Amino acid sequence: MAIGVSALSLTSIYTQISATESKTHIRKRVRPPIFISTNPSHVNPCDLRALFTSSNFSCHRFPNLDPDGRVEPIDIDKLHIALSHSCVVVSVFCKPQFSTGDGPKDEMTSSKSRFAPGELFERAIPVTESNGQLVGFGRAVSDCGLTASIYDVVVIPSLQGVGIGRMIVQRIIRMLTSRGIFDIAALCSAKQRLFFKACGFGDDILGSTSMMYTRTASSRNGDQMVKRAGRLLLLAPSSREPFSSSLEDGSH
Amino acid sequence: MLTNAVVAPPSLCSGHNSQLSNQLLFPYKLNYGLEGARRKQKVSPLKAGFWDSIRSGFLKNNATQVIEPPSTLPEEEEPLPQEIVLVERTQPDGTLEQVIFSSGGDVDVYDLQALCDKVGWPRRPLSKVAAALKNSYMVATLHSIRKSPEREGNDQKELIGMARATSDHAFNATIWDVLVDPGYQGQGLGKALVEQLIRALLQRDIGNITLFADSQVVDFYRNLGFEPDPEGIKGMFWYPRY
């Protein structure tokens, strides 16, 4: 941890030096005041769904995309169930004025507004889950013994890039390791890989291959179970016959 | 589909005192409390046919099970514990051997440790293993039951395979710890384990089914419908940096 902190201060010193040298203002993005919670009851499924939709995030790995490339909103009941079965739920809240707009305010803009009377009063009231807007989220599912998987780490686009996502992942890891779970996996798309790498994740040292069930039904077969998962129509293996002769061919 | 013929003969459940049909239908009672209160006895309307057929086979035992009415929240149903006889063969000496698949999660952690030793897996703390089994969404097991004519009522029951899945019960599931006793490999038993897990997960609309396969079993899972790194989705693991 100590190494991480001094690396950060080195970076900021470098930023300042290069700013004075080039006589341009390097606008370092600052994180607005946030409230991070690990209490699952602080998450309202409707707000969470709104966060996912505005971040164009889907819980389905292969989501249905509309012509504009937007995901469809997630089923609220399923979201509620998923939350209730997640052993770690982390949520990040922020005062609404910070989460709207083009992006995190940079140093210059933030310092200008510092002395406006209204702003001072506003800043005096700390942000909580009741007066803040849900801007970040992450959860983990675990067997509370050996393994855990991190899912759905999302930060609202206007506040990305200021370390909120990393805070969420670090909090999840801290919660898991405090319960003795060190085997923590995260399934990430190509875009998310850099993010998780920066959070301390890497390829499996044992060289395992991550695989997902993607067997789809090409045509509707009357007696086979098919289930929709996003844009995939997954084909379930047929129900096992008792004492089936099909086992005697010994192939798999 | 399950029929009356599926049900294993009474001597399957020797060694335990509770009523036969209770045991067979609700195997969670054998779990040394591993499953705890999480497992509820539920009957869904779709499964009525199965339970009716079982009941009719055991009415003479005067078994009165308490069957709860179907749940009003279908998504809260636990996967129905079921036992299926996958293989049945008679040895030359008259011993009948059955391989029983069960999704009730009846696993003795010591038996599991012995099985892990057989396949060459490293040992893990038993308390953690027990907790992991208890909190898994589903634990599927294969047991071998050997019935001998001489040893009336004393069957040999051995754990020969297991697979488990963790899930958030809605979107995601990960399959862990798939293993089959080396002496029973190559018969399609591992395939049966994984297929039943997938089927149970999909039945609950859990669509993101993931697993992390060692290099030598990637083809095994490919044949079962798994794809490595689909659309660039890859699993990463946490490595603490000091």
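Chain B is annotated in an unreviewed UniProt entry as N-acetyltransferase domain-containing protein from Protea cynaroides.

As annotated in an unreviewed UniProt entry, chain A is N-acetyltransferase domain-containing protein from Protea cynaroides.

A. Seen up close, the domain arrangement of chain A. Residues and elements named next belong to chain A. For chain A, the domain assignment lists domain 1 (34–104 + 120–198) and domain 2 (214–249). The partner domain 2 presents six residues to the four residues of domain 1 that form the contact. Approximately 450 Å² of surface area, both sides summed, lies buried where domain 1 meets domain 2, with 57% of it carried by carbon and sulfur atoms. Contact with domain 2 buries surface across domain 1, with His60, Phe62 and Asn64 losing the most and accounting together for 84% of the total. If you look at where domain 1 meets domain 2, you find zero salt bridges. On inspection of domain 1 and its partner domain 2, the count reaches two residue pairs in polar contact (both at pLDDT 80 or more).

B. Just the sheet that holds strand β4 (residues 147–155) of chain A, in detail. The strand order across the open sheet built from seven strands is β1(A)-β2(A)-β3(A)-β4(A)-β5(A)-β8(B)-β6(A), with neighbouring strands paired in mixed fashion. Each edge of the sheet is formed by a strand with only one pairing partner; in this case those strands are β1 (34–37) and β6 (201–202) of chain A. Relative to strand β8 (residues 234–238) of chain B, strand β5 (residues 183–188) of chain A runs antiparallel, the two sharing four bridges. Each residue of the ladder has a partner; that of A:Ala186, found in β8(B), is B:Met236.

C. Broad picture of the layout of surface pockets. Residue and element names in this part refer to chain B. In this structure, the second largest pocket encloses a volume near 1500 Å³. Lining the second largest pocket are 45 residues, and of these Trp121, Asp177, Val178, Phe212 and Asp214 sit closest to its centre. Ranked by residues supplied to the lining of the second largest pocket, first place goes to strand β5 (residues 172–180) with six residues. Across the lining of the second largest pocket, the residue classes tally to 26 nonpolar, ten polar and nine charged.

D. Fine view of the pattern of salt bridges. All names here are of chain B. Going through the model one piece at a time under the given rule, you end up with 14 salt bridges over all chains. With its nearest N and O atoms 3.6 Å apart, the salt bridge here joins Arg146 to Glu97. Taken together, the positions of Arg146 in strand β3 (residues 138–147) and Glu97 in strand β2 (residues 96–102) put the pair 49 residues apart, joining distant regions of the chain. Classification of Glu97 as buried rests on a relative accessible area of 3%. With its nearest N and O atoms 3.2 Å apart, the salt bridge here joins Asp177 to Arg124.

E. Highlighting the confidence of the model for chain A. All names here are of chain A. The share of residues in chain A with pLDDT of 70 or more is 73%, and the mean pLDDT across the chain is 79. Per-residue pLDDT stays below 50 along residues 18–22; that stretch engages in three contacts with residues further than four places along the chain or on separate chains. Of the regions scoring below 50 in pLDDT, residues 244–252 engages in 13 contacts with residues more than four places distant in sequence or in other chains.

F. Expanded view of helix α3 (residues 109–119) of chain B. Residues and elements named next belong to chain B. Taken together, the buried positions of α3 are Val109, Leu112, Gln113, Leu115 and Cys116. All buried residues of α3 lie within an arc of 160° about the axis, which places them on one face of the element. Against the buried residues of α3 lie α4 (126–134), β4 (156–167) and β5. Among the residues trailing α3, Gly120 stands out with phi positive, at a value near 85°.

G. Region of the structure containing the pairing of strand β8 (residues 226–229) of chain A. Residue and element names in this part refer to chain A. In this sheet, strand β9 (residues 232–235) lies alongside β8 in antiparallel orientation, the contact comprising four bridges. Within β9, the position partnered with Lys227 by the bridge is Leu234. Between β8 and the antiparallel strand that follows it, β9, lie two residues; Gly230 among them carries a positive phi value of about 70°.

H. Inspection of the sheet that holds β3(B) at higher detail. On the basis of which strands lie adjacent, the open sheet formed by eight strands has the order β1(B)-β2(B)-β3(B)-β4(B)-β5(B)-β6(B)-β7(A)-β7(B) and mixed pairing. Edge strands, defined here as strands with exactly one partner in the open sheet, are β1 (83–90) and β7 (226–228) of chain B. Taking the axes of each pair of neighbouring strands and ignoring which way they run, one obtains an average angle of 25° across the sheet. When β1(B) meets β2(B), the two strands line up antiparallel, connected through seven bridges. Bridging from a neighbouring strand, B:Arg89 pairs with B:Glu97 of β2(B).

The rules we used
Residues numbered from 1 in each chain as written. Chains lettered and ligands numbered in written order. Predicted model: local features only at pLDDT ≥ 70, side-chain atom pairs only at ≥ 80, totals over all residues. Heavy atoms only, no water. Domains from an automatic or database assignment. Contact = heavy atoms within 4.5 Å. Buried area = accessible area lost by both parts, 1.4 Å probe. Salt bridge = Lys/Arg side-chain N within 4 Å of Asp/Glu carboxyl O. Polar contact = N/O pair within 3.5 Å; in protein donor to acceptor, adjacent residues only side chain to side chain. Pairing = 2+ DSSP bridges. Helix = DSSP H or I, 4+ residues; strand = E, 2+ residues; numbered from the N terminus. 1 Å grid on protein atoms, 1.4 Å probe; cavity = no way out; pocket = protein on both sides within 12 Å on 5 of 7 lines; lining within 4 Å. Points joined across faces, edges and corners; volume = space filled by probe spheres on them. Nonpolar A, V, L, I, M, F, W, Y, C, P; charged D, E, K, R; others polar. Buried < 20%, exposed > 50% of the residue type's maximum accessible area, 1.4 Å probe, protein only. pLDDT = per-residue confidence, 0-100. Arc of directions from axis to C-beta. Axes fitted to C-alpha atoms, helices over the stretch in contact; angles between N-to-C directions.

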